[in-house]
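Results of the structural survey
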Amino acid sequence: DPEMKDYGPLKELYMQRITEGVATLAASAYRKRITMCLSEFVRNEYKCLIGGKKYELDEKNRMIAFRGYDRYMDPAFADCFATKLEASGEMRGPKSMTNAEIMIPFVRAPDMAKDMIALLEKRGLKRDVDGLRAQRMAELLSKFFFANVLFEYLGGSFIGFNELMQVTLGLDRDDGLVAQHFDERNPAVTKSLKTSIKAAKDKDKHIG
């Protein structure tokens, strides 16, 4: 892209920005764990980046569409995701920021979790090596139904509150016509939260 011509080699720039940014946070909280969410923009957010309009399509409900596992495994995004994992490995390896953990959003089913763990290991990010925990985002009701199986692959959960509210209440947070129903105090939402917390505690897994 012409807008990037003065930035030098783009892969190196991407690696540098990720490793420096996350390593700075990890160093500031050393001895405490921090969590790095793998590429989690939705399509309209990617589209706003330099060159994004060339690659990102419009979606009807982008909040629950081409995200997480499906994006990571798509051939069009594979090189970018591989670079993100390479940067994560460099941060935990040469930069010794082993307190930085990984969170994987939008893993819709157990077989997807299994595939993701295999991909992480292929890129040198193996579970339990130097204390690495690969955690899931708890934002989909399907994850509550398969919680016991998912925890065979993933070391904990972080609640994705906005997404959880959307799928629990059947709302699009970007739609102002239904915004008045977007209420975290809704009993269905609080029950979803309790279910997620209980599933993690029953397996002695981290929940945040």
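Just above, that's the structure.
Notes on the structure follow. In this text, all values refer to a predicted model and were calculated from it rather than measured experimentally.

So, on to the pattern of salt bridges. Tallying each qualifying case throughout the model produces 12 salt bridges. The closest approach of N and O atoms between E163 and R67, which form a salt bridge, is 3.0 Å. You can see E163 sitting in helix α8 (residues 161-169) and its partner R67 sitting in the loop between α2 (43-47) and α3 (69-73), a full 96 residues away along the chain. Comparing E163 with R67, the two get one shared label, buried. Of the charged contacts in the structure, one is a salt bridge between E101 and R133, with a shortest N-O distance of 2.7 Å. A residue pair is termed long-range when its members are at least 10 positions apart, and E101 in strand β2 (residues 100-104) and R133 in the loop between α5 (110-122) and β3 (134-138) qualify at 32 residues. Counted as one network, the salt bridges with shared partners bring together R33, E101 and R133.

In total, this model carries 3 aromatic pairs according to the counting rule given. With 5.9 Å between their ring centres and 70 degrees between their planes, Y46 and F77 make a pair best called edge-to-face. Highlighted residues: Y46 in helix α2 and F77 in the loop between α3 and α4 (78-92), separated in sequence by 31 residues. Judged by its relative accessible area of 9%, F77 is buried. Within the aromatic cluster, the residues linked to one another by ring pairs are F41, Y46 and F77. One Lys or Arg, R71, reaches over the ring of F77 and ends 5.0 Å from the middle of that ring.

What counts, and at which threshold
- Residues numbered from 1 in each chain as written.
- Predicted model: local features only at pLDDT ≥ 70, side-chain atom pairs only at ≥ 80, totals over all residues.
- Heavy atoms only, no water.
- Salt bridge = Lys/Arg side-chain N within 4 Å of Asp/Glu carboxyl O.
- Helix = DSSP H or I, 4+ residues; strand = E, 2+ residues; numbered from the N terminus.
- Buried < 20%, exposed > 50% of the residue type's maximum accessible area, 1.4 Å probe, protein only.
- Phe/Tyr/Trp six-rings, centres within 6.5 Å; stacked < 30°, edge-to-face > 60°.
- Lys NZ or Arg CZ within 6 Å of the ring centre and 35° of its normal.

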